[in-house]
Number of protein chains: 2
Amino acid sequence: MGEKTRERVKRVAREIGFRPNALARGLLSKRSFTIGLLTNDTYGRFTLPVMAGVSEALVDHGVSVFLCAIEDDPALGQIHVDAMLDKQVDGIIASGKRLDRSLPVDLSNLPVPVVYAFTQGPPDSVTLRSDDAQGARLAVEWLVKLGRRRIVHVTGPESFFSVRERAGAYREIAGDEEPVMYGVWSEGWGHEAVAKIWSRSGKKPDAIFCGNDQIARGVIDALRERGIGVPEDVAIVGFDNWEIMAAQTRPPLTSVDMGLKALGREAGLTVLALAEGRPVETGVRKLPCHLVVRQSA
Amino acid sequence: MGEKTRERVKRVAREIGFRPNALARGLLSKRSFTIGLLTNDTYGRFTLPVMAGVSEALVDHGVSVFLCAIEDDPALGQIHVDAMLDKQVDGIIASGKRLDRSLPVDLSNLPVPVVYAFTQGPPDSVTLRSDDAQGARLAVEWLVKLGRRRIVHVTGPESFFSVRERAGAYREIAGDEEPVMYGVWSEGWGHEAVAKIWSRSGKKPDAIFCGNDQIARGVIDALRERGIGVPEDVAIVGFDNWEIMAAQTRPPLTSVDMGLKALGREAGLTVLALAEGRPVETGVRKLPCHLVVRQSA
DNA sequence: CTGAAAGCGCTTACAG
DNA sequence: CTGAAAGCGCTTACAG
């Protein structure tokens, strides 16, 4: 093509706003520049930041994301997986709401790479998760650094892997003078825990490390009702850094952020690498949490 | 093809798990069985149920959904729109977090149909939104039916269309003895409003209709701190039916649900109809809210 | 270097 | 009714 013709083609293409058809392109290249994000987290508290991270990381590479919410329904999961494969996704990210539960679909032996993010993957898969132990350490060390010496841990059900991780890290630093108080993920349990602590004899804690922000909120409310000052008398740290919850407590809540957006970003880049045939180390990769300091500690 | 050959082909197809390549199919049919959902609701409180509805309605039709979170960034919005068009989406659903704000991208004159759901569309578009006036009526009528006579309305900023809609409906039923209390969407404002009401002279209300669940939560907490019984002394109704908030108030909150999942379902079916060339009435279509009765009223 | 052909995996229209 | 060809919109490999 002569230089002039080339220029003219380019100009016309621009004028009529020509954009290549990605379907046709994908047919040849065996790449659809599309990935699927599978999740059973309907409420979206955890998946949403993960998704935002995935999308953010991949949009620069021209990759779009199919969102597939499958509840806990295996049949629905299968339908979505089939639909994604039919549409020739370059890869799949599986995400969820619990590190120790897997999605109700079998993602092994798929013709495309799979990355697990914030959900349990099979042994030899690529799995990304937050480092809950490190996050808990951050929280407790911060309380220690503030001079707190009697730190209590009020948390969720012991059946959760992340609860055991966090409790383990708490123990490492705080010792085992105080029993870890396992309960449920609710404000109500936070209230109840405070009632229990203050009804028993002996010295009262000067800090409470809570298993999530909802519990922390219950704890803070209960302390205020008793006229106990936060953070003067008792410092509080939560977990999740659930913005809308943490910002609304009085005082605003210091909390551990699991860095789910970064986790999503990593998941996106990793599935892309696999799709392009680049080597990726298999196994569980833990990403660091960070502490968001507000006024409760 | 002979009957025997046909059977054999079918059998082998089943055995090797043959599934037609949707890309190739789309190339011919001019249908990708793919739509794009554009939203600027990062937090996802409103978009998430909409999305769940869209996905639920379309999965039966083999349609997958690209989720594009564009924040309020016009450049990012354009990138996502271009990516969707390149991938030959059959249609686009625009969604957001406010009925009276439009997304920072121009979606007119696109080669594919667009439906606006819970965000403002241009005049001649297809726009779906909740019927906030009807929802507010539901709430106030319920309070009246419970025998409440002095109903106060504590709500968000008057600059919000939905605030004015809800306040208008409240006025229709409750009259204008009590001034509507405009404020912000926070628990703090709920607290403050209660302080204001109880500091002024005259009869106290026996019911408070709140503009959203966060305000309602603040109101309920403030009333409890004053020793005022909910619902005995003052009945409370919120708006949004934000499950995790409404269920955690003490007592659990009666609230207006905007039916966003149904709205999403409608949006999905509507964009599908447009994509298939079926006629759809243009203009704003309001979908009904419903009241979720818990213990606060 | 330029230009035409082949082919990705399907579906549809047509010839036999 | 059956079977082969054409074509969707691209990209790549090849002949001139």
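Residues numbered from 1 in each chain as written. Chains lettered and ligands numbered in written order. Predicted model: local features only at pLDDT ≥ 70, side-chain atom pairs only at ≥ 80, totals over all residues. Heavy atoms only, no water.

An unreviewed UniProt entry annotates chain A as LacI family DNA-binding transcriptional regulator originating from Phyllobacterium phragmitis.

As a further point, take the pattern of salt bridges. Within this structure, the stated rule accounts for 43 salt bridges over all chains. Salt-bridge contacts for Arg31 of chain A lead to Glu276 of chain A; the nearest nitrogen and oxygen are separated by 3.6 Å. Of this pair, Arg31 of chain A sits in the loop between α2 (22-29) and β1 (34-39) while Glu276 of chain A sits in the loop between α10 (260-275) and β11 (283-287), and the two are 245 residues apart along the sequence. Judged by its relative accessible area of 16%, Arg31 of chain A falls in the buried class. For Glu276 of chain A, a relative accessible area of 39% corresponds to the partly exposed category. Here Arg129 of chain B makes a salt bridge to Glu165 of chain B, at a shortest N to O gap of 3.6 Å. Residue Arg129 of chain B is located in strand β5 (residues 126-130), and its partner Glu165 of chain B is located in helix α6 (residues 161-174); the two are separated by 36 residues in the primary sequence. Accessibility assignment for this pair places Arg129 of chain B and Glu165 of chain B in one class, buried. One salt-bridge network, held together by shared partners, links Glu187, Arg217, Asp221 and Arg224 of chain A together with Glu187, Arg217, Asp221 and Arg224 of chain B. (Salt bridge = Lys/Arg side-chain N within 4 Å of Asp/Glu carboxyl O. Helix = DSSP H or I, 4+ residues; strand = E, 2+ residues; numbered from the N terminus. Buried < 20%, exposed > 50% of the residue type's maximum accessible area, 1.4 Å probe, protein only.)

Below, the discussion takes up the interface of chain A and chain B. Between chain A and chain B, the contact holds 46 residues from the first and 46 residues from the second. Carbon and sulfur atoms supply 55% of the area buried between chain A and chain B, which totals about 4,000 Å² over both sides. Along the contact surface separating chain A from chain B lie 10 salt bridges. For the salt bridge of Glu225 of chain A with Arg250 of chain B, the shortest nitrogen-to-oxygen distance reads 3.1 Å. The interface formed by chain A and chain B contains 22 residue pairs in polar contact (both at pLDDT 80 or more). Residue assignment for the side of chain A that touches chain B shows that the elements contributing at least two residues are α2, α3 (47-59), β2 (64-69), α4 (74-86), α7 (187-199) and α8 (213-225) of chain A. (Contact = heavy atoms within 4.5 Å. Buried area = accessible area lost by both parts, 1.4 Å probe. Polar contact = N/O pair within 3.5 Å; in protein donor to acceptor, adjacent residues only side chain to side chain.)

What follows deals with the packing of aromatic side chains. This structure, assessed with the given rule, holds 8 aromatic pairs over all chains. Relative to Phe66 of chain B, the ring of Phe66 of chain A lies with its centre 4.1 Å away and its plane at 10°, an arrangement referred to as stacked. Of the two residues, Phe66 of chain A is situated in strand β2 and Phe66 of chain B in strand β2 (residues 64-69); the pairing between them involves two chains. The pair Phe66 of chain A / Phe66 of chain B is uniform in exposure class, with both members buried. With a centroid separation of 6.3 Å and an interplanar angle of 45°, the aromatic rings of Phe209 of chain A and Phe239 of chain A are classed as tilted. You can see Phe209 of chain A sitting in strand β8 (residues 207-210) and its partner Phe239 of chain A sitting in strand β9 (residues 235-239), a full 30 residues away along the chain. Accessibility expressed as a relative area gives 0% for Phe239 of chain A, which makes it buried. The ring of Trp242 of chain A has Arg45 of chain A lying over it, and the distance from NZ or CZ to the ring centre is 4.2 Å. (Phe/Tyr/Trp six-rings, centres within 6.5 Å; stacked < 30°, edge-to-face > 60°. Lys NZ or Arg CZ within 6 Å of the ring centre and 35° of its normal.)

What follows concerns α4 of chain A. Counted at 1.5 Å a residue, the expected span for α4 of chain A with its 13 residues is 18 Å, and the 18 Å between its end C-alpha atoms agrees. Restricting attention to buried positions, one finds in α4 of chain A the residues Leu76, Gly77, His80, Val81, Ala83, Met84, Leu85 and Asp86 of chain A. Contacts from the buried residues of α4 of chain A go to β1, β2 and β3 (91-95) of chain A together with α2 (22-29), α3 (47-59) and β2 of chain B. Between the side-chain oxygen at the start of α4 of chain A and the backbone nitrogen of Ala75 of chain A there is a gap of 2.9 Å, and the oxygen is on Asp73 of chain A. (Expected span 1.5 Å × (residues − 1).)

Moving on to the domain arrangement of chain A. All names here are of chain A. Partitioning chain A into structural domains gives domain 1 (3-130 + 260-288) and domain 2 (132-257). Computed from C-alpha coordinates alone, the two centres of domain 1 and domain 2 are separated by 36 Å. Domain 1 puts 10 residues into the contact, and the matching count from domain 2 is 12 residues. Between domain 1 and domain 2, roughly 890 Å² of surface is buried when both sides are summed, and carbon and sulfur atoms account for 45% of that area. On the surface where domain 1 and domain 2 come into contact, there are 2 salt bridges. We note a salt bridge from Arg45 to Asp240, for which the minimum N-O separation is 2.9 Å. Linking domain 1 to domain 2 there are 5 residue pairs in polar contact (both at pLDDT 80 or more). Across the side of domain 1 that touches domain 2, the residue classes break down as 5 nonpolar, 1 polar and 4 charged. (Domains from an automatic or database assignment. Nonpolar A, V, L, I, M, F, W, Y, C, P; charged D, E, K, R; others polar.)

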